[in-house]
Each structure stands twice: as structure tokens, then as C-alpha cells.
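# Remarks on the overall topology
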Amino acid sequence: GSGYPQGLAGEQISLGGRILHAVDSFDAVTSKRAYREPMTAPEAIDYFATLSGSRFDPAVFEAMRPLVLRRKSIAFIDDLP
């Protein structure tokens with residue numbers, strides 16, 4: 001993209017913003033939509049691997065990958081008391 005609205009790209013985007021983008025994207029592709037079925041966690045990781053370095057920060061993706069593959073999720077609601 002164009003880094004809308006401020007033209008930011010790569011490490012100009014805050015680490016928190018890059019993490020939120022990855023998590024939000026994971027939620028989007030693993031959630032059922034009216035127009036498509038959800039991807040499984042491993043399918044989402046395989047898909048994101050093709051986008052690492054272009055749409056996703058490679059370091060964020062590499063940190064997210066083992067977590068998602070182990071837990072099959074990003075939200076650990078079962079860990080809450």
C-alpha cells in the first residue's frame with residue numbers, strides 16, 4: 001500500500017502497529033464471513049508466510065508463527081482465570 005494516511009512503511013510503523021496488523025489479519029482470515037469459510041490456524045500461517053516481508057513484518061511473523069501453530073489461536077481465553 002501507500003502507507004495511508006501518513007506514508008509510513010516498514011519500521012516507520014510502530015512495533016505495536018505492526019503487531020496489531022498481524023493479529024487483526026489473523027482474526028480476519030480465521031473468522032467465518034458471509035462470503036467465505038474461515039481458514040484454520042495452520043492454513044493462515046502458510047498464507048501469511050507468503051506475505052511475510054511485504055504485507056507483514058518478518059520479525060513479527062516469525063514471533064507469531066510458533067505461538068499460533070502450538071496453540072492454534074492468538075487469543076488465549078482459556079488462560080484467563
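Before going into details, it helps to say that this report is about the structure given with it. (Residues numbered from 1 in each chain as written. Predicted model: local features only at pLDDT ≥ 70, side-chain atom pairs only at ≥ 80, totals over all residues. Heavy atoms only, no water.)

A word on the packing of aromatic side chains. For the coordinates displayed, the defined rule picks out 2 aromatic pairs. By the ring-pair criterion, three or more aromatic residues cluster together here, those being Y47, F48 and F56. (Phe/Tyr/Trp six-rings, centres within 6.5 Å; stacked < 30°, edge-to-face > 60°.)

This part is about helix α1 (residues 15–30). Taking 1.5 Å as the rise per residue, α1 with 16 residues should run 22 Å; its terminal C-alpha atoms sit 23 Å apart, in good agreement. Contacts made by the buried residues of α1 are with α2 (41–51) and α3 (58–71). (Helix = DSSP H or I, 4+ residues; strand = E, 2+ residues; numbered from the N terminus. Expected span 1.5 Å × (residues − 1). Contact = heavy atoms within 4.5 Å.)

Within the secondary structure, K72 is located in the segment after α3. Between the C-alpha atom of K72 and that of G17, which follows or precedes it by 55 residues, the distance is 22 Å. Residue contacts for K72: discarding those within four places in its chain leaves A41, P42 and L67.

A few words on the packing of α1 against α3. Interaxial distance between α1 and α3 falls to 10 Å at its minimum, and their mutual angle equals 40°. The orientation of α1 relative to α3 falls into the category oblique. The handedness of the crossing between α1 and α3 is right-handed. On α3, the residues that touch L15, R18, I19, A22 and F26 of α1 are V60, M64 and V68. For the contact of α1 with α3, the class distribution of residues is 7 nonpolar, no polar and 1 charged. (Axes fitted to C-alpha atoms, helices over the stretch in contact; angles between N-to-C directions. Parallel < 35°, antiparallel > 145°, perpendicular 65-115°, else oblique. Left-handed = near helix turned anticlockwise from the far one by under 90°. Nonpolar A, V, L, I, M, F, W, Y, C, P; charged D, E, K, R; others polar.)

Here we come to the packing of α2 against α3. One can describe the packing of α2 onto α3 by two numbers: an axis separation of 10 Å at closest approach and a directional angle of 165°. Between α2 and α3, the angle is such that the two are roughly antiparallel. Seen along the crossing, α2 lies across α3 with a hand that is left-handed. Contacts between α2 and α3 pair A41, P42, I45, F48 and A49 from the former with F61, M64, R65, V68 and L69 from the latter. Here the contact of α2 with α3 is composed, by residue class, of 9 nonpolar, no polar and 1 charged.

On their own, these measurements won't tell you what the molecule is for.
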